[in-house]
Amino acid sequence: MIAPQGHFTVPGLNVAGVVTASSFSGNCTGTASSLAQGSNVVVGVMTASSFAGDVFGNAAGLSTTTAGLKLGIVTSTSFAGNFTGIGSGLTGTPNIVAGLVTASQFVGNTPGLAAGLSAGKNLAAGIITATTFFGDGSGLTGAGSTAFIRQSVGSGTTIDLNNGNIIYFTHEGDTTVSFANTSTAEDVTFIRPLTDPPAISYSTGAVDLDATDDRLTVGSSADFTMGASDDFTVEAWVKKDDTSVGGVFQISATAGGLNSSSYETTLSIGTHGVNAGWQVYYAGVPVDYTSPISSGLWYHVAIVRYNNVSNVYINGVSIGSKADTHNYDGTDLCIGGFYSTSYLWDGNISNFRIVKGTAVYTGSFIPPSAALTNITNTKLLCCQDTSSTTVGAVKPGTITAVGDPTAGAQTVELTLPLGSAITWPSSITWNGGSAPTLAPVRSATGAAQVFNLITYNGGTNWYGYEEVDFSLEGSNNTLYAWGSNIFGSLGLNEAGAAPSAANKSSPVQVPGTTWSKGFSAGTGGATAVNGLIKSDGTLWMWGDNDRGYLGLNDRTQYSSPVQLGTGNTWKSIWTGYSVSAVKTDGTLWSWGYNATGGLGLNDKTDRSSPTQVPGTTWSSGAASYNGSFGIKTDGTLWAWGSNSTGNLGQNERTQRSSPIQVPGTTWSQVDAGHVKAMALKTDGTLWAWGNGGDGRLGLNNTTQYSSPTQVPGTWDSLSSGSYAGAGTKSDGTLWVWGKNAKGNLGQNNITNYSSPKQIPGTTWSKVSSSLMNDGNVHCCALKTDGTLWSWGDNEYGPLGQNNVTLYSSPVQIPGTWSNVLSGPNVTIGFKSV
């Protein structure tokens, strides 16, 4: 036995008994225990805390990292390097070659059998069970070779097909679709949900200015000089408190930015009065834009010059552009005003950023959903602090607060409407010759359009078609009707002249379970026409037919639903004295009464069968008594028919028998009443025109307007009754206005209101107001919990209360409902199957 003291070094030591030492250098054969450190050790059984080198044989109890191990059984918490054999209990290992592996995570390649993986990257395996994979799956063989991987993308993003070939597309604003990393053979499923994208909402800091003398100035910096060939971006979030003219910013050669004498150096943007639009000064030359604003709402504003063209973007959508090679050689910046102290901003400015040399946005985009950051070429970034007006994350000099502006916490909020246009790759050949019509917003859960794109040559050529269209707001609904049954308008195979025992004051089911809950409307007066589409795309009509309203090539009245033709490609329908309907190919068809040109066929001849209106990009619309409105897929709005009160929105009163465009390009919804109309734009603004008697336009007066005029606020949906109007906002509130003779405004009185008046509650989802030429209107509205409420005129039972009592406040109709539509003294409700 050898029992040395201290360090013991014996080259080539051969022992057969027991060796106790603190260190060995060399080879040791036999049995070794209690080694604190060993290098190049060859042993039978070993117990140690650490090894460097190779170990052959059996090793157990290793507690730290070991490199280059070759062994039979290993129990360890971590490995670095390669190993062969059987490994179990590993928590993290790169480059493993093993028969059976159980681990929570792998980085590297693993051939063999792998099961129970919770996250895998770059796997090559026979059988894989996992919840998440990263990669394109192109190396998978066997059952995995046809795997489809989903990715979610938004507008303005190049779609990288390496990340998956099932595309869940959030469509915000008009956008261009493009693909990257297309495989030789690719099968892409493109899903476009038909609901509004999630709203932008985030907490940040802002500067509040009072329009008296408040502003921020940053002086004398070449960072604000934009040369003739410079790309640049100036952007901010802004919210206005009043209706005055005010400037967001001005770059000029004058300290403080409040002098009109330096026009040649000026670049600025501001408002030309609330509702009047935006105003930009390029080298002192003003350009007015008609895109309106509302007080109390946040807007993302950006001026971007790219390749010698300047664009003005409001909420990510270009409202105008111009060729621009001007040398803006100003050196001084004013935030919150321009030209004189009369044009100062009243409200909040947040996240103000100047980027010189980079066009941050080169097309329509989704406004930032978080605080702006210091990106490349940022020269100024300020108005983000919650307690100081002069703090800037990036600034070329001192920010000076003039007057007494204040800083505070703000929540920037913006509701993003569903985009109405997609520019597809030109390499796509679409089935039918043109891209499918894009459907507007639908309230149904799961409503979507699905497109299929296939290429065999890496994207040089694509073949595309619309695979599924769920734009009909859901299928397999049961249908109920109640109220007046004149002309068989309830579809119950019975009819009578009102008042009659055939009227129903409680919901009664119409036969069938495959009704789509999408579109129907009634005409006014003593006429009642109904048209509905089933989930299979067939169109069914019933009710009054003395002018061929039902499109059945006769004048016979029908009290039960009758199918129109044999086609199954109908998409939407709206009914008045004239009836119009759109097919899935974007064509528009009309029939019925035409004395005022309401069919849009360039004549005044009635039709009892569908006749096509020119155009192939129609999407949705609405009908009044003697006219119609249609929206195309490019967001344009068109009108035709009677125009006695300027209700076609043309700034005159000339009757039109062919569609004529209403000014604007971002319309998303339209509804019409008796000689008036209302429409929404994609930015949530609501516009009204036509007869304003009784305050029915919601414009705080009784004035007649022949051009669209904005109703204050941001809106989510609308309903234009004959003598009243209603709408919901994105916060779930419900508002009404107009004539109130029968309590149809739900205010527990019969007082007319010429401005929107709120009905209590914050969970309203949809409202429907009936068309009646005598002003006796009833309303119905849904809440998000599926409850249905009604109020107003109830002479024939359309409130569904099992009585004919008038109610001037909302009362609940029993049941859980998916949609509601109101006609003249008639209500139609849907329940999901």
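Values in this document were obtained by computation on a predicted structure and should not be read as measured data.

Caption draft 1: How the structure looks around the sheet that holds strand E56 (residues 788-792). Taken in spatial order, the 4 strands line up as E54-E55-E56-E57 in an open sheet, and their pairing is antiparallel. Taken across any chain shown, the strands that pair with only one partner, and hence form the sheet edges, are strand E54 (764-769) and strand E57 (807-813). Looking at each pair of strands side by side, their axes are set apart by 20 degrees on average, direction ignored. Note: E56 against E57, 4 bridges, orientation antiparallel. Opposite Leu788, over in E57, you have Ile813 as the bridge partner.

Caption draft 2: Representation of unusual backbone geometry in the model. Even without being a glycine, Asn308 presents a positive backbone phi close to 70 degrees. You can see Asn308 is positioned in the loop between strand E20 (298-306) and strand E21 (309-314). Although it is not a glycine, Asn377 adopts a positive phi angle of roughly 75 degrees. Inspection of the secondary structure assignment puts Asn377 in the loop between strand E24 (346-356) and strand E25 (378-382). We classify Asn377 as partly exposed; its relative accessible area is 31%.

Caption draft 3: Structural context of the sheet that holds strand E38 (residues 570-575). Here we have 4 strands laid out as an open sheet, ordered E38-E39-E40-E41, and antiparallel in their pairing. Only two strands of the sheet have a single partner each, and these edge strands are E38 and strand E41 (607-613). In this sheet, neighbouring strand axes are inclined to one another by 20 degrees on average, regardless of whether the strands run parallel or antiparallel. With 4 bridges connecting them, strand E40 (residues 588-592) and E41 associate as antiparallel partners. Bridge pairing links Ser590 to Thr611 in E41.

Caption draft 4: Structural context of the layout of surface pockets. Space inside the second largest pocket adds up to approximately 860 Å³. The wall of the second largest pocket is formed by 39 residues, among which Ser291, Thr666, Lys681, Thr682 and Asp683 lie closest to the centre. Of all elements in the fold, only strand E22 (317-323) and strand E49 (705-711) reach the threshold of two or more residues within the lining of the second largest pocket. Among the elements that make up the lining of the second largest pocket, the one with the highest residue count is E22 (3 residues).

Reading the values: rules and limits
Residues numbered from 1 in each chain as written. Predicted model: local features only at pLDDT ≥ 70, side-chain atom pairs only at ≥ 80, totals over all residues. Heavy atoms only, no water. Pairing = 2+ DSSP bridges. Helix = DSSP H or I, 4+ residues; strand = E, 2+ residues; numbered from the N terminus. Axes fitted to C-alpha atoms, helices over the stretch in contact; angles between N-to-C directions. Buried < 20%, exposed > 50% of the residue type's maximum accessible area, 1.4 Å probe, protein only. 1 Å grid on protein atoms, 1.4 Å probe; cavity = no way out; pocket = protein on both sides within 12 Å on 5 of 7 lines; lining within 4 Å. Points joined across faces, edges and corners; volume = space filled by probe spheres on them.

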